[in-house]
Amino acid sequence: MDILEYIELVFTDYTLRTITLGTAVLGAICGMLGSFAVLRKQSLLGDAISHAALPGIALAFLIVGTKNSNAFLIGALISGLIGSFWIRGIIKKTHLKSDTALGLILSLFFGFGMLLLTFIQKLPNANQAGLENYLFGQAATLLASDVWIMSLITGICLVVLLLFWKELKLSLFDPDYTKTLGFDIKFLDILITTFIVVAIVLGLQTVGVVLMSAMILAPAAAARQWTNSLSIMVILAAIFGASSGIIGTAISASHNNLSTGPVIVLVAAVFVLVSFIFSPGRGLLFREIRFRKNRNDLELHKTLSFMYNIAKDHEDISHPHAIKILNNFQGFTKRSLQKLENKNLVKIEGNMWSLTTSGYETAANLYNQITPMNDE
Amino acid sequence: MEEKIAVQIDDLTVAYNYKPVLWDIDLAIPEGVLMAIVGPNGAGKSTLIKSVLDIIKPIAGSVKIYDKPYQKQRSLVAYVPQKGSVDWDFPTTALDVVMMGTYGSLGWIKRPGQKQKKAALEALEKVGMLAFKSRQISQLSGGQQQRIFLARALVQNASIYFMDEPFQGVDATTEKAIINILKELRKAGKTVIVVHHDLQTVPEYFDWVTFLNVKKIATGPVKDIFNDDNLTKTYGINYKVSVQQ
Amino acid sequence: MSSAQIEIQLIACLVAIACAIPGTFLVLRKMALITDAISHSILPGIVIGFFITHDLSSPLLIFLAALSGVLTVVLVEFIQKTGLVKEDTAIGLVFPALFSIGVIMIAQNANDVHLDIDAVLLGELAFAPFDRLIIQGMDMGPKSLWIIGTILFSTILLLFAFFKELKVSTFDAGLAAALGLSPVVMHYGLMTVASITTVGAFDAVGAILVIAFMIAPAATAYLLTNDLKKMILLACIFGITAAISGYWLAHGLDASISGSMTTILGIIFLIVYLFAPNRGYFSVLYRQRQQRIEVSLLTFLLHLGNHVDDENERHVKHLNDHINWQKVRSKSVLDLALKNNMITIKNDIVSLTEKGQHFTKEAIDYIITNKNSEIEKMKDRFFLFRG
């Protein structure tokens with residue numbers, strides 16, 4: 001199936017359209033809120049919360065008795081919130097550190113959830129099939145109504161973020177200062193934590209408990225590399241998240257046996273990888289290039305100023321000198337000499353070199369620049 | 001002395017984990033002084049500022065700003081936190097950070113506009129950072145970051161300035177630039193309170209000083225009370241200003 | 001009890017001990033979450049190993065899986081070093097990606113290989129006794145028992161051989177380096193042990209619940225003791241208790257064995273978290289209340305000492321409006337001071353007694369010189385009644 005056909009199919013096929021829309025909206029909201037989680041240094045809180053949501057889903061099933069994604073949402077939300085507040089309690093009241101608290105809640109809640117799930121599976125209730133989809137997610141089970149709820153919540157999120165944008169940014173950057181300006185940081189904190197938990201819970205059905213944290217982190221971590229502005233970062237993260245959803249759905253829909261969740265996560269991981277390497281400002285590739293260039297420039301400058309020091313003692317600046325004497329100088333290579341000649345700073349004749357007028361001036365300038373810089 | 005009292009602290013006690021770090025502090029800071037708070041590490045200098053600003057809840061005592069509780073006088077007070085207290089890799093620009101100084105007067109939800117931007121640009125110019133306004137904050141040097149923080153407080157256009165170690169980790173030029181701005185503020189009748197740890201520069205920079213080590217040791221004009229006796233009381237060992245390098 | 005049941009419980013106990021030992025060090029080194037990463041990212045290693053050997057308990061598979069665990073640690077540390085993202089974001093990025101690769105590899109080859117993700121993630125201890133090690137026709141017991149037994153044996157050997165080194169490098173990395181113990185070797189040694197244990201345990205309790213067995217017993221023990229040896233011992237005891245009682249819970253409910261074991265671990269943690277003598281929730285609450293009043297008392301006494309000459313400052317009423325306390329609090333503080341003979345009250349003016357003056361002077365000395373433990377001792381000496 002080629003791409004055009006697939007795009008046509010997205011618009012005509014009801015199920016595919018629903019899934020594509022659902023994963024796109026999910027990616028967008030996760031990217032948006034994930035930016036806040038990453039900047040609050042709560043990257044792994046998402047992992048703990050998504051695992052902690054599992055017993056909530058199972059209990060909701062035990063209470064309601066049928067598969068009802070809204071009941072599951074509420075159950076997951078409640079147990080996710082209990083988990084996140086218990087984590088805070090452990091960090092605050094005991095000497096256990098945050099990593100231990102996160103790991104504890106994550107594994108204990110998940111284990112309890114597994115106990116309930118396997119218990120449910122043995123119940124004589126025909127409706128229980130498909131509960132285990134919450135482990136790895138099953139995008140195919142998305143209904144139009146689920147997508148509506150997701151969009152609605154994303155809309156509410158967006159409005160609230162826009163309303164409190166200034167306050168949220170301030171409290172992310174400098175909480176103490178925010179307090180002195182008279183803003184209630186507890187309110188802002190609860191607001192953003194609740195939204196993050198909501199986003200995670202929304203994603204469980206599609207991406208699953210195990211991989212949900214990546215949906216929160218990856219788009220935000222990728223977006224951070226491309227910009228130095230919070231608003232652009234949030235928008236980019238939403239775009240990256242939505243693209244991961246759409247591309248991931250497309251890949252998994254056009255292959256057999258590919259569950260959507262892991263594919264979406266891998267697509268998001270590719271976004272991260274590309275951003276880490278190729279982003280112009282922070283990327284590893286450009287960093288390496290800049291580093292090399294600086295080092296080369298430094299070598300050239302050093303060679304040039306060494307030559308300058310020799311040449312300036314002579315009356316005629318263009319007096320030729322033997323290349324041999326440069327060998328004593330560390331950092332001198334044939335290549336750097338060649339480069340200097342290409343730049344018309346040096347003239348080479350046989351075994352002798354001499355500075356050109358422009359070479360002499362450049363070197364003199366370098367010399368003057370370096371000296372006051374060292375004073376600072 | 002018939003001076004107005006800018007900050008009145010009574011019986012202030014603060015405890016971390018139920019261990020007192022500030023103990024029964026009474027302090028009256030007159031309007032228009034440029035005051036240093038000095039004391040050894042762990043003496044509670046930053047804590048004193050933070051509890052005045054209601055960032056930390058004291059377990060006893062009261063703070064009044066021009067005779068009213070702090071909560072009613074926020075607009076009169078500006079704060080420069082320690083440089084190390086924030087994440088400088090945060091995705092934002094120098095101008096953005098300075099604009100944050102206007103948020104308090106805007107209140108909830110309202111967005112900053114042209115007026116706020118103009119004020120921020122003026123403050124940037126005052127600290128000599130106008131050329132760096134669109135720079136990402138992680139690309140600024142330590143001294144430049146401190147200037148940005150100072151500009152953010154200047155935008156608040158307050159009457160009382162609290163600064164937590166503004167000279168820490170800055171270059172000599174920045175230190176001079178900052179102290180000149182502080183002296184200008186005092187000239188304009190503002191009150192400036194600085195947590196400071198370089199005892200050498202106290203007589204040169206400040207006209208008022210408070211010695212603190214859990215308890216208040218002494219407070220008053222530098223020329224009257226900045227002496228070996230008080231230094232010894234504060235730092236415990238035999239302290240001589242002249243020897244301190 | 002059938003012999004299969006005994007074997008299952010035996011395997012579970014060995015897993016619990018094998019996890020508790022490295023787990024204790026991971027918790028103390030604040031690296032608990034790295035087990036989370038390892039336990040997920042060994043999946044691609046397991047899958048590749050399974051493609052090659054078609055045997056979940058082959059040593060090659062265990063080696064490959066452990067290798068991918070160590071690789072995860074290296075990768076996480078590399079990303080952290082680039083400074084592109086903060087601290088634990090690196091962990092959160094690496095393991096879902098590797099785990100996804102594993103899941104997709106399984107799904108793509110579902111027809112060729114029978115490897116169930118659920119089994120890898122959640123383990124199926126109930127089947128462990130059926131896979132037996134048979135050497136020259138002799139039944140040597142379940143394979144898992146041998147695998148986890150070997151891992152446990154090596155872990156214990158390493159623990160005894162390097163106990164001192166581990167202890168020093170965990171509690172004082174600087175000292176360890178000064179003594180010539182390479183922190184890098186210790187770090188990667190521990191990571192390797194953790195990876196191998198995770199791999200060895202996955203087929204019993206499942207990769208995810210290994211995290212519970214690593215972290216929960218150690219964290220629970222840490223709430224009860226600070227002594228490293230006691231902590232390891234307690235962690236093992238909690239692990240074994242959860243393993244055995246978890247098995248019977250699962251038996252009773254007919255539910256997942258590893259889920260039940262984790263649930264028991266959770267219950268043990270909850271009980272200790274609430275009721276531990278010194279660090280439990282209730283004892284912390286009680287102590288905080290007591291200390292709040294005692295700190296208030298100190299504050300109050302000091303205030304009196306500071307204002308010997310000023311009767312206004314020592315008027316009972318002043319407590320309310322100036323020190324800014326509520327009535328209830330000032331009353332309980334006044335009562336406590338009176339009961340302990342620290343103050344006298346005459347015409348609503350409060351004065352320090354000689355004992356009160358003594359107490360205040362000593363207290364301030366200790367606080368300024370930062371001798372917190374002395375204050376507690378002093379309270380014992382002076383107080384007839386505590387807050």
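Residues numbered from 1 in each chain as written. Chains lettered and ligands numbered in written order. Predicted model: local features only at pLDDT ≥ 70, side-chain atom pairs only at ≥ 80, totals over all residues. Heavy atoms only, no water.

*Asks:* Kindly report on the sheet that holds strand β9 (residues 208–213) of chain B, identifying the contributing residues and their values.
*Replies:* Residue and element names in this part refer to chain B. Reading across from one edge, β6-β7-β8-β3-β9-β10 is the order of the six strands in this open sheet, with mixed pairing throughout. Two strands bound the open sheet, and with one partner strand each, they are β6 (77–80) and β10 (215–221). Here the strands of the sheet are splayed against their neighbours by 15 degrees on average, with no regard to which way each runs. Bridge count for β9 against β10 is six bridges, and the pairing is antiparallel. Its bridge partner being in β10, Trp208 is matched across the sheet by Pro221. (Pairing = 2+ DSSP bridges. Helix = DSSP H or I, 4+ residues; strand = E, 2+ residues; numbered from the N terminus. Axes fitted to C-alpha atoms, helices over the stretch in contact; angles between N-to-C directions.)

*Asks:* If you had to explain the side chain of Asp54(B) to someone new, which residues and values would you point to?
*Replies:* Among the structural elements, Asp54(B) can be located in the loop between α1 (45–52) and β4 (60–65). If we ignore the near neighbours within four places in the chain, the residues touching Asp54(B) are Lys179(A), Tyr70(B), Gln71(B) and Arg74(B). (Contact = heavy atoms within 4.5 Å.)

*Asks:* Got a sec to walk through the interface of chain B and chain A? Specific residues and values, please.
*Replies:* The interface of chain B with chain A comprises 34 residues on the first partner and 29 residues on the second. Both faces combined, the contact of chain B with chain A buries some 2,800 Å², and carbon together with sulfur accounts for 62% of it. Of all residues in chain B, Phe90(B), Pro91(B) and Trp108(B) give up the largest surface area on contact with chain A, accounting jointly for 26% of the area buried on that side. Applying the counting criterion to the chain B and chain A interface returns five salt bridges. Across the salt bridge formed by Arg224(A) and Asp89(B), the nearest N and O atoms sit 3.5 Å from each other. Across the contact surface, chain B and chain A share 15 residue pairs in polar contact (both at pLDDT 80 or more). Mapped onto the side of chain B that touches chain A, the elements with two or more residues apiece are α2 (94–99), α3 (103–106) and α5 (142–155) of chain B. With three residues, α3(B) is the largest single contributor of residues to the side of chain B that touches chain A. Of the residues contributing to the side of chain B that touches chain A, the split by class is 17 nonpolar, eight polar and nine charged. (Buried area = accessible area lost by both parts, 1.4 Å probe. Salt bridge = Lys/Arg side-chain N within 4 Å of Asp/Glu carboxyl O. Polar contact = N/O pair within 3.5 Å; in protein donor to acceptor, adjacent residues only side chain to side chain. Nonpolar A, V, L, I, M, F, W, Y, C, P; charged D, E, K, R; others polar.)

*Asks:* So what's going on with empty space enclosed by the protein? Residues and values would help.
*Replies:* This structure, assessed with the given rule, holds four cavities of 30 Å³ or more. For the largest cavity, the lining is made up of 14 residues, of which Ser69(A), Leu73(A), Val201(A), Leu202(A) and Gln205(A) are closest to its centre. Of all the secondary structure elements, the ones that give two or more residues to the lining of the largest cavity are α5 (69–93), α8 (144–163) and α11 (185–207) of chain A. Among the elements that make up the lining of the largest cavity, the one with the highest residue count is α5(A) (five residues). When grouped by side-chain class, the residues that make up the lining of the largest cavity number ten nonpolar, three polar and one charged. Size it by volume and the second largest cavity reaches roughly 70 Å³. In this structure, the second largest cavity is lined by Val38(A), Leu39(A), Arg224(A), Asp89(B), Leu84(C), Val85(C) and Lys86(C). Considered class by class, the residues forming the lining of the second largest cavity number four nonpolar, no polar and three charged. (1 Å grid on protein atoms, 1.4 Å probe; cavity = no way out; pocket = protein on both sides within 12 Å on 5 of 7 lines; lining within 4 Å. Points joined across faces, edges and corners; volume = space filled by probe spheres on them.)

*Asks:* Quick one: what's the story with unusual backbone geometry, residue by residue and with numbers?
*Replies:* A positive phi angle is found at Asp54(B), which is not glycine, with a value near 65 degrees. The phi angle at Lys30(C) is positive, at roughly 60 degrees, despite the residue not being glycine. Its place among the elements puts Lys30(C) in the loop between α1 (3–28) and α2 (32–53).

*Asks:* Break down helix α3 (residues 59–82) of chain C for me, with residues and values.
*Replies:* A turn of α-helix holds 3.6 residues, and therefore any two residues three or four places apart point the same way. Between its terminal C-alpha atoms α3(C) stretches 35 Å, which fits the 34 Å expected from 24 residues at 1.5 Å a residue. Immediately downstream of α3(C), the backbone of Gly83(C) shows phi near 70 degrees, a positive value. (Expected span 1.5 Å × (residues − 1).)

Keep in mind these numbers describe shape, not what the thing actually does.
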